[in-house]
Amino acid sequence: MEAILPGAPWLIAHRSMLGINKPYKVTLNEQDYVLWQNQQGEVFALDNICPHMQAPLSDGWICQNKDAIACPFHALEFDGQGRLHNCGKVSSQPLLNPLEIVIKDDCIWTYGGYDPKIPIPDLISKVSAGMSFLGVAGEKSIRGTFLDNISINYDYNHQSGTHRELFGIKANRIPVFEYDGYWAKVVQELDRNDTTWNDILRNPLILTAPKTYTSTLEYAFPALTTFRATFPIGEVLQVHALYPETPTQTKTFVLVYIQPKHPIFKPLLGKFVLSAVTTVIEQDTNAIETSYPRQPAKIRLPNEEIMFHAQKLYHEW
Ligand code: FES
Ligand SMILES: [Fe+2]
C-alpha cells in the first residue's frame, strides 16, 4: 500500500503521553514503532518488530540502566540505536532501525522515514504563546480514512448535527478564511440557543458562556488543527493532531492549553475543557465511523470551500 502523504511531518506524541521508561507504540503509515522516554527526558524510537522472532517490542519493558528495551518473547535487549545488548556485549551494527524524530516544544515529530517535503510547522509555539499546557485529551484510534478525518476538522456545518447537544448552535458565521500554502486561518462566530434548565443542570458552566462567541482556527496541513477561544473565565487552546495509522485507521489526540483570567478559575476551566474535548472527539468519531462511503454530494452548504480546500491539498500532495 502507498503511504498517505509521504514527506509530511507528523506529530505522533506529546512528551507527557510517553511517561517515563514505558514503551509506547505508534503505528504510522502501516509501520509499527516503539518509543520511550528516560528519566532525563531523552526519547528513543525504534522499529517495533524484534529481529529475533518478530515479537512486538512495545509489549516488553525498559532496562533503565542501559536505556534499552527488552523483548517480551526471549528478553533480548536493544538500545536506542537498535544495537543488541547480550551478556555484557553490545553489537557493533544496529539490528533494528531507529525512527528519526524531532522534538519541538515537547512535541514529538517524525517524517516516518520519508524525505521531508515540507518543514515541521511552528504553529504550536506561535498559538500557545503565553498559555500553559494543561494535558492531552481525546487520544483515540478512529476507524476511518485520513481524508474523512481531516475533512471534519475543516467542516463548518457539522456543529449543528454532530455537536448539537454540546453547543446548541443556532447560527454560524465565518467572517475570515485566509490561506497560504499549507497554512490556513478561519474565524468563526457562533450564536447559541437559549439555555434551558436541563443544559444548566448538565453543565453549570454554561451560565458563564456568552450567547455569541468567536473562535479562531489555524491549520498546519496535514497534521494540525488549532482552535482558540475566549470564555469569560479564561482562554482555551486546543491543538488537534491527526496522523494516518493505516489506510482505514486514523489516530487523533488533542493538546490542551489554558490561560485562566484568574488562577482560582484554573481547576474549573481545566476540568471543563478536558471533558468537553473528550466529548467532541467521541461525537466526531461517531460521525466518521457511522457514515457510509463517500459519494459526490448532491447538496452544497455554505462555507464548504474551506473543506474543499483541504481535500485539494490532500489530492494534489
Ligand atoms: S522474539 Fe524477541 S527476543 Fe526472541
Ligand atoms: Fe467536530
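Residues numbered from 1 in each chain as written. Chains lettered and ligands numbered in written order. Predicted model: local features only at pLDDT ≥ 70, side-chain atom pairs only at ≥ 80, totals over all residues. Heavy atoms only, no water.

Draft legend 1. Quick peek at the packing of aromatic side chains. Taken as a whole and judged by the stated rule, the model has 10 aromatic pairs. Each ring, one from Tyr182 and one from Phe221, has its centre 5.9 Å from the other, and the planes form 20°; the classification is stacked. Of this pair, Tyr182 sits in the loop between β13 (169-180) and β14 (183-192) while Phe221 sits in the loop between β15 (212-220) and β16 (224-231), placing them 39 residues apart in sequence. With 6.4 Å between their ring centres and 50° between their planes, Phe221 and Trp317 make a pair best called tilted. (Phe/Tyr/Trp six-rings, centres within 6.5 Å; stacked < 30°, edge-to-face > 60°. Helix = DSSP H or I, 4+ residues; strand = E, 2+ residues; numbered from the N terminus.)

Draft legend 2. Representation of the coordination of the iron ion (ligand 2) within the structure. Around the iron ion (ligand 2), the protein contributes the donor atoms His158 (NE2), His163 (NE2), Asp284 (OD) and Asp284 (OD), at 2.1 to 2.6 Å from the metal centre. The coordination sphere of the iron ion (ligand 2) comprises 4 donor atoms, whose angles at the metal cover 54 to 137°; the geometry is irregular. Going along the chain, you hit the donors of the iron ion (ligand 2) in the pattern H-x4-H-x120-D. One end of the pair, His163, is in the loop between α3 (146-153) and α4 (164-167); the other, Asp284, is in helix α6 (residues 266-290), with 121 residues separating them in the sequence. (Donors = N, O, S within 2.8 Å, 3.2 Å for Na, K, Ca; no water. Tetrahedral: all angles 85-135°; square planar, octahedral: opposite > 155°, others 65-115°.)

Draft legend 3. How the structure looks around the environment of Ser16. One can find Ser16 in helix α1 (residues 15-18). Setting aside residues no more than four positions away along its own chain, Ser16 makes contact with Phe133 and Val136. There is a polar contact of 2.8 Å between the side chain of Ser16 and the side chain of His14. (Contact = heavy atoms within 4.5 Å. Polar contact = N/O pair within 3.5 Å; in protein donor to acceptor, adjacent residues only side chain to side chain.)

Draft legend 4. Quick look at the layout of surface pockets. Looking at the second largest pocket, its volume works out to about 510 Å³. Listing elements by their share of the lining of the second largest pocket, those giving two or more residues are α3, α6 and α7 (305-315). Among the residues forming the lining of the second largest pocket, the class breakdown is 9 nonpolar, 6 polar and 6 charged. (1 Å grid on protein atoms, 1.4 Å probe; cavity = no way out; pocket = protein on both sides within 12 Å on 5 of 7 lines; lining within 4 Å. Points joined across faces, edges and corners; volume = space filled by probe spheres on them. Nonpolar A, V, L, I, M, F, W, Y, C, P; charged D, E, K, R; others polar.)

Draft legend 5. Geometry of the sheet that holds β14. The strand order across the open sheet built from 7 strands is β12-β18-β17-β16-β15-β14-β13, with neighbouring strands paired in antiparallel fashion. A strand with exactly one partner marks an edge of an open sheet, and here the two such strands are β12 (132-143) and β13. The average angle at which neighbouring strand axes cross in this sheet is 20°, direction not considered. Where β16 meets strand β17 (residues 234-246), 8 bridges bridge the pair, whose relative direction is antiparallel. The partner of Ala229 across the bridge, within β17, is Val236. (Pairing = 2+ DSSP bridges. Axes fitted to C-alpha atoms, helices over the stretch in contact; angles between N-to-C directions.)

Draft legend 6. Focus on the pattern of salt bridges. Counted under the stated rule, the structure contains 13 salt bridges. Between Lys126 and Glu218 there is a salt bridge whose closest N-O contact spans 3.0 Å. Taken together, the positions of Lys126 in helix α2 (residues 123-127) and Glu218 in strand β15 put the pair 92 residues apart, joining distant regions of the chain. Given a relative accessible area of 10%, Glu218 falls into the buried group. As a salt-bridge pair, Glu235 and Arg228 come within 2.6 Å of each other at their nearest N and O atoms. (Salt bridge = Lys/Arg side-chain N within 4 Å of Asp/Glu carboxyl O. Buried < 20%, exposed > 50% of the residue type's maximum accessible area, 1.4 Å probe, protein only.)

Draft legend 7. Structural context of the sheet that holds strand β11 (residues 107-110). Sheet architecture is open: 3 strands sit in the order β1-β11-β10, paired in antiparallel fashion. Both outer strands of the open sheet, β1 (10-14) and β10 (102-104), are each paired with one neighbouring strand and no more. Adjacent strand axes in the sheet meet at a mean angle of 35°, parallel and antiparallel pairs treated alike.

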